[in-house]
Each structure stands twice: as structure tokens, then as C-alpha cells.
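Examination of the molecular architecture
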Amino acid sequence: MAGWVRKIASLGAPASVNALGFESYLRSAGNYLTRVSQEAARGFSTGSEVAGVTDPGVSKTLAPPGEPTPPPGPKLDLLAKYVAIENKSRAEKGKIALVAVRQTYQMHEADTGSSSVQVASLSHKIGEMTEHLQTHRKDNHSRRGLMAMLVRRQKLLKYMRRKEPDSYQMVLKSIGLKDRTFVEKKY
């Protein structure tokens, strides 16, 4: 296992790697190891050295001479498990869900700022924040952010009702919001 880790490290990770960069780095390292293992299993030469390995104690081939190449089994499965969505943090899961919400309401491929996309993403964030505040009742800073998001969504809906009535009705129906345009007199 240590040899595999050294080989992954030898692929040259940048010095300052953030979480998402490290994840993509691990994915590319896993793809590289899978490809090299498949080539070795088919009988292709993988070369006598792995690029970047300078430690004399580390084997420079994928498998010691005379031994068969190990199949890309459990060790690469660990990499797939690391990258799997079930093992992501709550914040990362929220970001992935937010991207999915934005994609469902896009009018074209590069649309990230139309009113319908903004209302849908705000509604998703409001739902997450409401769930958070049910657990953490005394988190007044997040409560203030929730109130700001509610006001921003309300203003966007008011704009959409004036300028884009068709998309306004579509967004209300698909998100499940009520049309509160008619307000009776309170007294």
C-alpha cells in the first residue's frame, strides 16, 4: 500500500491544494493507476520507471519483476469510496444539490443568473437554512441570513411577477410556493 501511495504522491501534487483540487488530483491519480494496470495486464510495456520517482528504495516498476501485476481491485475501490458522494461533508453535498437545482431551472447552458435560477437557488438555500435552524435554535447570525434570503427571494418574485409572468407561474408551481400577490386589508 505504501508503494501505491508513493506512486500517487510522485505524480506531482501542487504545494497548495485545496479540498476540491485534491479530490480531482486523487481522481486523476486513480485514473492513471487504472490505465497503467490495464496496460500491464494486456502485456503492454509500462516502462521501467514511473515519472517523478526519485527515491532509490521505491520500486520503479508497477510490480516487482517476476510477479504478476496486481489487479486494480480493493486499493482503487478505496479511492472511489473517498470520492463518493456519501462520504462528502454536508456543505459539499449542499453545493452539489445547488448545482443540480440551478441546472433544472436554466434557460440555456450558461444561465446562472436569470430570475428563475436565482429564486430556485434561494429556495434551496432557505430550505437548508431552515433545517439548520431547527437543530440550532439559538444561532441568531444564521437566522439573520435566513431573513435576508427570504426578503431577497420576495423581491425577485415581485420582479418576476411584473416582468416575466409566465416564468413566474412556472417557478411557483415547480418549487411549490404560494402566490401571495393579493393581500387583504388587515383591519
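Just so we're clear, the structure is a prediction, and the values are computed from it rather than from any experiment.

1. Remarks on the overall build of the protein
- Counting its secondary structure elements, the protein contains seven helices and zero strands.
- The secondary structure elements of the protein, listed N-terminal to C-terminal, are α-α-α-α-α-α-α.
- Looking at the 187 residues of the protein, the share that counts as buried comes to 26%.
- Within the protein, counting contacts between residues at least 6 apart in sequence, those at least 24 apart form 48% of the total.
- About 13,500 Å² of surface is accessible on the protein, with carbon and sulfur atoms providing 56% of the total.

2. Quick look at helix α4 (residues 90-105)
- Compared with the 22 Å implied by 1.5 Å per residue over 16 residues, the 23 Å span of α4 between its first and last C-alpha is a close match.
- Where α4 is buried, its residues meet α5 (115-135) and α7 (165-175).

3. Points about the pattern of salt bridges
- Counting across every chain of the model gives one salt bridge.
- Note that E131 is salt-bridged to R90, the shortest N-O span being 3.3 Å. Here R90 lies in helix α4 and E131 lies in helix α5, a separation of 41 residues in the sequence.
- For R90, a relative accessible area of 53% puts it in the exposed group.

4. A closer look at the packing of α4 against α5
- It is at 8 Å that the axes of α4 and α5 come closest, and there the two elements cross at 150 degrees. Between α4 and α5, the interaxial angle falls into the category roughly antiparallel. When the axes of α4 and α5 are compared, the crossing they make is right-handed. Taken together, the residues of α5 that come into contact with α4 (itself represented by R90, G94, A97, L98, V101, R102 and Y105) are S116, V117, A120, S121, H124, K125, E128, E131 and H132.
- By residue class, the composition of the contact of α4 with α5 is six nonpolar, five polar and five charged.

5. Quick look at helix α6 (residues 140-163)
- Between its first and last C-alpha atoms α6 spans 35 Å; for 24 residues at 1.5 Å apiece the expected length is 34 Å, and the two agree.
- Buried within α6 we find S142, L146, M149, R153, L156, L157 and M160.
- Those residues of α6 that are buried lie in contact with α5 and α7.

6. Some thoughts on the nonpolar core
- V119, L122, I126, L133, L146, M149, L156, L157, M160, Y168, V171 and L172 form the largest nonpolar core, which has twelve residues in total.
- Elements with a minimum of two residues in this core: α5, α6 and α7.
- The element contributing the most residues to this core is α6, with five residues.
- Residues in contact with L146, not counting those within four places in the same chain, are I126, M129, T130 and L133.

Calculation notes
- Residues numbered from 1 in each chain as written.
- Predicted model: local features only at pLDDT ≥ 70, side-chain atom pairs only at ≥ 80, totals over all residues.
- Heavy atoms only, no water.
- Helix = DSSP H or I, 4+ residues; strand = E, 2+ residues; numbered from the N terminus.
- Buried < 20%, exposed > 50% of the residue type's maximum accessible area, 1.4 Å probe, protein only.
- Contact = heavy atoms within 4.5 Å.
- Areas by Shrake-Rupley, 256 points an atom, 1.4 Å probe, with all protein chains shown as cover.
- Expected span 1.5 Å × (residues − 1).
- Salt bridge = Lys/Arg side-chain N within 4 Å of Asp/Glu carboxyl O.
- Axes fitted to C-alpha atoms, helices over the stretch in contact; angles between N-to-C directions.
- Parallel < 35°, antiparallel > 145°, perpendicular 65-115°, else oblique.
- Left-handed = near helix turned anticlockwise from the far one by under 90°.
- Nonpolar A, V, L, I, M, F, W, Y, C, P; charged D, E, K, R; others polar.
- Core = buried A, V, L, I, M, F, W, Y, C linked by side-chain atoms within 4.5 Å.

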